[in-house]
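Okay, here's what each chain looks like letter by letter:
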Amino acid sequence: NNKLIIDGYQRIMTVYDYVKKGIFAKDGKVFKLVNTERINKKWRGKAYSELDEFDQKKIRQTTIHAIIFEQKQPKDNDSSLYQIFERINTSGRVLKPQEIRNCVYQGNFNTLLFELNINPIWRILFGEQEEDSRMADLEFILRFFALSSKDIIGKTTGQISLKLFLNNYMGEKTNNSQKFIDEKRTEFNTIIEELYSVLGENSFRNFSSEGFFVKKFHPPIYDSIIISSNYAKQRGIDILKIEHIQSKHIELLNNEEYKKFTTQRTTNLENINGRINLACNILYGINYE
């Protein structure tokens with residue numbers, strides 16, 4: 001079975017590069033030990049191939065200790081793996097949830113998130129040209145896919161742990177079919193392009209009581225507008241041809257019930273579905289069901 005290195009990857013790959021490849025992966029140059037007093041004179045500045053046979057054999061026979069974790073229950077997800085990573089991650093810079101997902105859920109779906117994240121239109125709608133070093137932007141793309149799923153639609157009550165919900169969704173999609181990846185790529189890119197075409201850079205921003213758009217990405221507004229718009233497209237509605245959609249957009253943002261759904265208990269299922277349904281009602285004249 002394949003095993004995933006949770007901690008110590010850089011150290012193990014350094015040994016691998018030195019002994020097995022002889023080339024340092026980071027710069028593509030011949031891997032030689034540094035020429036400093038910290039290293040025994042007979043080894044300074046030498047590549048593995050330049051060491052004598054005894055030293056090469058000693059390195060090859062050195063034991064690298066490892067602890068192997070195996071999740072026996074539940075069998076259908078990697079929840080324990082994520083929790084172990086969280087517990088190890090206690091020194092230095094504490095990783096954000098999406099940074100941990102990036103380590104734990106390697107696969108074609110994770111690669112897709114990185115690809116979608118550099119879409120120029122998404123960068124405008126998110127409000128930052130540079131990719132976020134803590135992967136918050138990646139998490140919002142994941143959030144669109146996860147909150148659009150059947151696990152949310154139709155469930156009307158209860159509080160969810162967004163972190164665990166996103167973990168489970170990403171774990172399920174880690175190595176999905178190429179057809180699925182292609183469909184998700186088209187789905188995301190198409191909806192953000194069409195929203196940008198009709199609502200512009202303010203698509204996912206709030207509208208102030210003073211009568212102007214706040215220049216800040218608003219997560220609950222984002223998920224309700226992008227999901228409702230995508231749902232309308234699935235229902236056969238051409239969102240590019242909706243009359244007065246910009247004024248309807250402002251009407252939605254000024255709606256008192258919508259404000260409640262986007263500011264209070266925002267991970268409560270009733271409020272998630274409530275804000276998506278209101279967006280469907282006001283923007284497209286349909287119900288979310």
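Look up: the structure comes first, before these words.
Residues numbered from 1 in each chain as written. Predicted model: local features only at pLDDT ≥ 70, side-chain atom pairs only at ≥ 80, totals over all residues. Heavy atoms only, no water.

### Regarding the overall build of the protein chain
Here comes step 1: A tally of helices and strands in the protein chain yields 13 helices and four strands.
Here comes step 2: Put simply, the protein chain has 289 residues, and 40% of those count as buried.
Here comes step 3: Expressed as a percentage of contacts within the protein chain between residues at least 6 apart in sequence, the contacts between residues at least 24 apart total 60%.
Here comes step 4: For the protein chain, the exposed area adds up to about 17200 Å²; of that, 50% sits on carbon and sulfur atoms. (Helix = DSSP H or I, 4+ residues; strand = E, 2+ residues; numbered from the N terminus. Buried < 20%, exposed > 50% of the residue type's maximum accessible area, 1.4 Å probe, protein only. Contact = heavy atoms within 4.5 Å. Areas by Shrake-Rupley, 256 points an atom, 1.4 Å probe, with all protein chains shown as cover.)

### Quick notes on the environment of asparagine 167
Here comes step 1: Take asparagine 167: it is sitting in helix α8 (residues 162–172).
Here comes step 2: For the pair asparagine 167 and isoleucine 100, spaced 67 residues apart in sequence, the C-alpha to C-alpha distance is 9.6 Å.
Here comes step 3: Polar contacts involving the side chain of asparagine 167 include one to the side chain of arginine 101, which spans 2.7 Å. (Polar contact = N/O pair within 3.5 Å; in protein donor to acceptor, adjacent residues only side chain to side chain.)

### A look at helix α4 (residues 97–104)
Here comes step 1: Burial of α4 is extensive: six of the eight residues sit out of reach of the surface.
Here comes step 2: Regarding α4, the residues found buried are Gln98, Glu99, Ile100, Arg101, Asn102 and Val104.

### Thoughts on the pattern of salt bridges
Here comes step 1: All told, the structure shown has 14 salt bridges when counted by the stated rule.
Here comes step 2: When the shortest N-O distance is used, the salt bridge between arginine 123 and aspartate 137 registers 3.0 Å. Taken together, the residues span a long stretch of sequence, with arginine 123 in helix α6 (residues 120–126) and aspartate 137 in helix α7 (residues 136–147) at a distance of 14 residues. A single burial state applies to arginine 123 and to aspartate 137, both of which are buried.
Here comes step 3: For glutamate 201, the salt bridge identified is with arginine 205, shortest N-O distance 3.8 Å.
Here comes step 4: Residue glutamate 201 is classed as partly exposed on the basis of its relative accessible area, which comes to 40%.
Here comes step 5: Judged by its relative accessible area of 10%, arginine 205 is buried.
Here comes step 6: A single network of salt bridges, built from pairs that share partners, joins Glu115, Asp182 and Arg185. (Salt bridge = Lys/Arg side-chain N within 4 Å of Asp/Glu carboxyl O.)

### Here's the deal with the layout of surface pockets
Here comes step 1: Roughly 420 Å³ of volume is contained in the second largest pocket.
Here comes step 2: Taken together, 15 residues make up the lining of the second largest pocket; nearest its centre are Val15, Tyr18, Val19, Ile59 and Thr62.
Here comes step 3: Looking at the lining of the second largest pocket element by element, the count peaks at six residues for helix α1 (residues 9–21).
Here comes step 4: Looking at the lining of the second largest pocket, its residues break down into nine nonpolar, two polar and four charged. (1 Å grid on protein atoms, 1.4 Å probe; cavity = no way out; pocket = protein on both sides within 12 Å on 5 of 7 lines; lining within 4 Å. Points joined across faces, edges and corners; volume = space filled by probe spheres on them. Nonpolar A, V, L, I, M, F, W, Y, C, P; charged D, E, K, R; others polar.)

### As for the nonpolar core
Here comes step 1: Formed by 61 residues in total, the largest nonpolar core has its most connected members in Phe109, Trp122, Phe188 and Ile226.
Here comes step 2: The element contributing the most residues to this core is helix α13 (residues 269–284), with nine residues.
Here comes step 3: Other than its neighbours up to four places away in sequence, phenylalanine 188 contacts Leu116, Trp122, Ile141, Phe144, Phe145, Tyr222 and Ile226. (Core = buried A, V, L, I, M, F, W, Y, C linked by side-chain atoms within 4.5 Å.)

### Notes on unusual backbone geometry
Here comes step 1: The phi angle at methionine 135 is positive, at roughly 65°, despite the residue not being glycine.
Here comes step 2: Here methionine 135 is to be found in the loop between α6 and α7.
Here comes step 3: The phi dihedral of arginine 265 falls on the positive side, at around 40°, and the residue is not glycine.
Here comes step 4: By secondary structure assignment, the location of arginine 265 is in the loop between α12 (256–263) and α13.

By themselves, these figures tell us nothing about what the structure is for.
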